[in-house]
Amino acid sequence: MLWASKTYRNVSSPIMGLALFINGSGKRTFKAVPGVMEHGSFQDQSQATFSFTDEDHTLANSLRYTLNQDPRVTFCGYSIPHPADARVNIRVQTTGDPAREVLKDSCQDLMLICQHVRSTFDQAVMEFKSKKGLESMNIRP
């Protein structure tokens, strides 16, 4: 919920994220997924904390890595408030660009990295299978 009044300094607003879904036939679709909350202010949009629900170190550390590769980011870190709570808080501070836009760009970069890893892996598996797999390795029991 965003407050329209300028008297409130802190803002908490839900962000509808986009998730990539791939069905069995390989069709790719993006769907809006709730679960990200932004905590920031109206005055300074260059810094914000984002809370991701139902996430853990896997996504948080990957996002932290891609965010820190961006020259617009001056600080990025994450914390998990409690081990029993499936929530991650990611803090982003930038050189002046809106933190929300920088986070979106980093999510897209991370998705491209994952797609590259997946295609490289699939190519290696196909190459391995085309060479008759284990038979070509001369492994004896």
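As a convention, each chain's residues are numbered from 1 in the sequence order in which they are written. Whole-chain, interface and lining totals are the exception, using all residues; otherwise, since this is a predicted model, local features are given only for residues with pLDDT of at least 70 and side-chain atom pairs are given and counted only at 80 or more. With hydrogens and water stripped out, all remaining heavy atoms of the structure feed into the side-chain values.

**What about the overall build of the protein chain?**
To keep it simple, the criterion reads: Numbering of helices and strands runs from the N terminus, with a helix taken as a DSSP run of H or I at least four residues long and a strand as a DSSP run of E at least two residues long. Whether a residue is buried, partly exposed or exposed follows from its accessible area with a 1.4 Å probe, protein chains only, as a fraction of its type maximum: under 20%, in between, or over 50%, in that order.
The number of helices and strands found in the protein chain is two helices and five strands. Listed N to C, the secondary structure of the protein chain is β-β-β-α-β-β-α in terms of helices and strands. A buried classification covers 23% of the 141 residues belonging to the protein chain.

**Details of the confidence of the model for the protein chain**
When pLDDT is low, close inspection of the predicted coordinates is not appropriate. Here is the rule: The quantity known as pLDDT measures the predictor's confidence residue by residue, on a range of 0 to 100. Should any heavy atoms of two residues lie within 4.5 Å, those residues are considered in contact.
With 67% of its residues at a pLDDT of 70 or more, the protein chain shows a mean pLDDT of 77. Highest mean pLDDT in the protein chain belongs to strand β4 (residues 73-79) (95); lowest belongs to strand β1 (residues 10-22) (45). Below pLDDT 50 for its whole length, residues 1-20 participates in 56 contacts with residues either more than four positions away or in separate chains.

**Points about the environment of Cys-107**
Residue position: Cys-107 is located in helix α2 (residues 99-130). With 44 residues separating them along the chain, Cys-107 and Leu-63 place their C-alpha atoms 6.9 Å apart.

**So, the nonpolar core**
Quick note on the threshold: Nonpolar cores were defined as sets of buried Ala, Val, Leu, Ile, Met, Phe, Trp, Tyr and Cys residues, with membership established by side-chain atoms within 4.5 Å.
In terms of nonpolar packing, the biggest core is built from 16 residues, with Phe-50, Phe-52, Leu-63, Leu-67, Ile-90, Val-92 and Leu-103 touching the most fellow members. Those elements that place two or more of their residues in this core are β3 (47-53), α1 (57-69), β4, β5 (87-94) and α2. A total of four residues in this core trace back to one element, the largest contributor, which is α2.

**Some points on the side chain of Thr-66**
Heads up, the condition is: Nitrogen and oxygen atoms within 3.5 Å of one another constitute a polar contact, given that in protein one can donate a hydrogen and the other can accept it, and given that sequence-neighbouring residues count only through two side-chain atoms.
Tracing the sequence through the fold places Thr-66 in helix α1. Residue class for Thr-66 comes out buried when judged on its relative accessible area of 6%. One polar contact links the side chain of Thr-66 to the main-chain carbonyl oxygen of Leu-63, over a distance of 3.1 Å. Discounting residues that sit within four places of it in the chain, Thr-66 has contacts with Ser-106, Leu-110 and Ile-113.

**Topic: α2**
Put simply, the test is: One fewer than the residue count of a helix, multiplied by 1.5 Å, yields its expected span.
With 32 residues, α2 extends 46 Å between its outermost C-alpha atoms, agreeing within 8% with the 46 Å of an ideal straight helix rising 1.5 Å per residue. In this structure, the buried side of α2 is in contact with β3, α1, β4 and β5. Downstream of α2 by one or two residues, Lys-132 has phi in the positive range, about 65°.

**Regarding unusual backbone geometry**
You will see that Asp-54, though not glycine, has its phi angle at about 55°, which is positive. Within the secondary structure, Asp-54 is located in the loop between β3 and α1.

**As for α1**
Applicable threshold: The directions considered for the arc run from the helix axis to the C-beta atoms.
Between its first and last C-alpha atoms α1 spans 18 Å; for 13 residues at 1.5 Å apiece the expected length is 18 Å, and the two agree. Where α1 is concerned, the buried positions are Ala-60, Leu-63, Thr-66 and Leu-67. The buried side chains of α1 occupy one side of the element, clustering within an arc of 135° when seen end-on. Those residues of α1 that are exposed and aimed more than 90 degrees away from the buried face are Thr-58 and Gln-69. Turning to α1, the residues buried within the fold contact β3, β4, β5 and α2. Structurally, the start of α1 carries an N-cap: the backbone nitrogen of Thr-58 is 3.1 Å from a side-chain oxygen of Asp-56.

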